[in-house]
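Topology and contacts: notes
Here are the chains, one letter per residue:
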Amino acid sequence: QVQLVESGGGLVQPGGSLRLSCAASGFTMDAYAVGWFRQAPGKEREGVSCISNSAYYADSVKGRFTISRDNAKNTVYLQMNSLKPEDTAVYFCAADPFPFAAQAMCAMPEADFSSWGQGTEVTVSS
């Protein structure tokens, strides 16, 4: 079966770090554009960081978050440093075989991509 599974979320203090993982099964993710999106309480889903032939970061996370691939593990990571309370959200990953530019993928947080994960919750609080 085709599936994406996010993990790594949890409760962290402001200034702390988390690494989220997006593991794919049933397809080879290295041929896909992959993105991280998040939805905070009461807000619309937004693009956080996406990767294809390049990487894109939303202005709100630029310099703090890093997206990367481990093709051998069929996994994409989101390293989140210097976390802020406004980073609190459910984080989702998505993948699609269309050759999106990274920025274009992140600009479509409600798109019907080929695969979506179930989400992992991140809470940044003292």
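Below or above, wherever it landed, is the structure these notes cover.

Analysis parameters
Residue numbering note: each chain is counted from 1, following its sequence as written. Restriction of local features to residues with pLDDT of at least 70 applies here, the model being predicted, together with a cutoff of 80 or more for giving and counting side-chain atom pairs; totals for whole chains, interfaces and linings are based on all residues. To get the side-chain values, take all heavy atoms of the structure and skip hydrogens and water. In this description, a disulfide is simply a cysteine sulfur pair whose atoms lie within 2.5 Å. Counting from the N terminus, the helices are the DSSP runs of H or I reaching at least four residues and the strands are the DSSP runs of E reaching at least two. Between buried and exposed lies partly exposed: a residue is buried under 20% and exposed over 50% of the maximum accessible area for its type, with that area taken using a 1.4 Å probe on protein chains only. Only four residue types enter the tally: Lys and Arg on the positive side, Asp and Glu on the negative side; His and the chain ends are excluded. When a carboxyl oxygen of Asp or Glu is within 4 Å of a side-chain nitrogen of Lys or Arg, the pair counts as a salt bridge. Throughout, a contact is declared for two residues whenever any of their heavy atoms are within 4.5 Å. In this analysis, strands are considered paired if DSSP registers two or more bridges between them. For helices, the fitted axis covers only the stretch in contact; all axes are lines through C-alpha atoms, and the angles between them, taken along N-to-C directions, range from 0 to 180 degrees.

1. Considering the state of the cysteines
Considering all chains together, one arrives at two disulfides under this definition. A sulfur-sulfur separation of 2.0 Å characterises the disulfide bridge that pairs Cys22 with Cys93. Across the S-S bond of Cys22 and Cys93 the torsion is about 75 degrees, and the bridge reads as right-handed. Of this pair, Cys22 sits in strand β3 (residues 18–25) while Cys93 is found in strand β9 (residues 89–96), placing the two residues 71 residues apart along the sequence. Considered together, Cys22 and Cys93 belong to a single accessibility category, that of buried residues. Through a disulfide, Cys50 is tied to Cys106; the S-S separation comes to 2.2 Å. On the S-S bond that ties Cys50 to Cys106, the torsion sits near 100 degrees, and the link is right-handed. Of the two residues, Cys50 is situated in strand β5 (residues 46–51) and Cys106 in helix α1 (residues 102–106); the sequence distance between them amounts to 56 residues. Judged by its relative accessible area of 6%, Cys106 is buried. Here the cysteine-cysteine linkages of the protein are recorded as 1-3, 2-4, numbering only bonded cysteines and doing so in sequence order.

2. A closer look at unusual backbone geometry
Of note in the backbone geometry, Asn74 takes a positive phi value of approximately 55 degrees without being a glycine. In this structure, Ser82 is a non-glycine residue whose phi angle is positive, near 50 degrees. Examined against the element boundaries, Ser82 turns out to sit in the loop between β8 (75–80) and β9. A relative accessible area of 39% places Ser82 in the partly exposed class.

3. Considering the side chain of Arg45
With respect to the helices, strands and loops of the structure, Arg45 is situated in the loop between β4 (33–39) and β5. One buried charged residue, Arg45, forms no salt bridge at all, with the nearest opposite charge on Glu110 at 4.3 Å. For Arg45, the residues in contact, after removing those within four places along its chain, are Phe37, Arg38, Gln39, Phe92, Pro109, Glu110 and Trp116.

4. Things to note about the sheet that holds β3
A sheet is described by the order of its strands in space; here four strands give the open sequence β1-β3-β8-β7, paired in antiparallel fashion. The outermost strands of the open sheet, each flanked by one partner alone, are β1 (3–7) and β7 (65–70). Looking at each pair of strands side by side, their axes are set apart by 15 degrees on average, direction ignored. Alignment of β3 against β8, held across six bridges, turns out to be antiparallel. Each residue of the ladder has a partner; that of Leu20, found in β8, is Leu78.

Coordinates in, geometry out; function isn't part of it.
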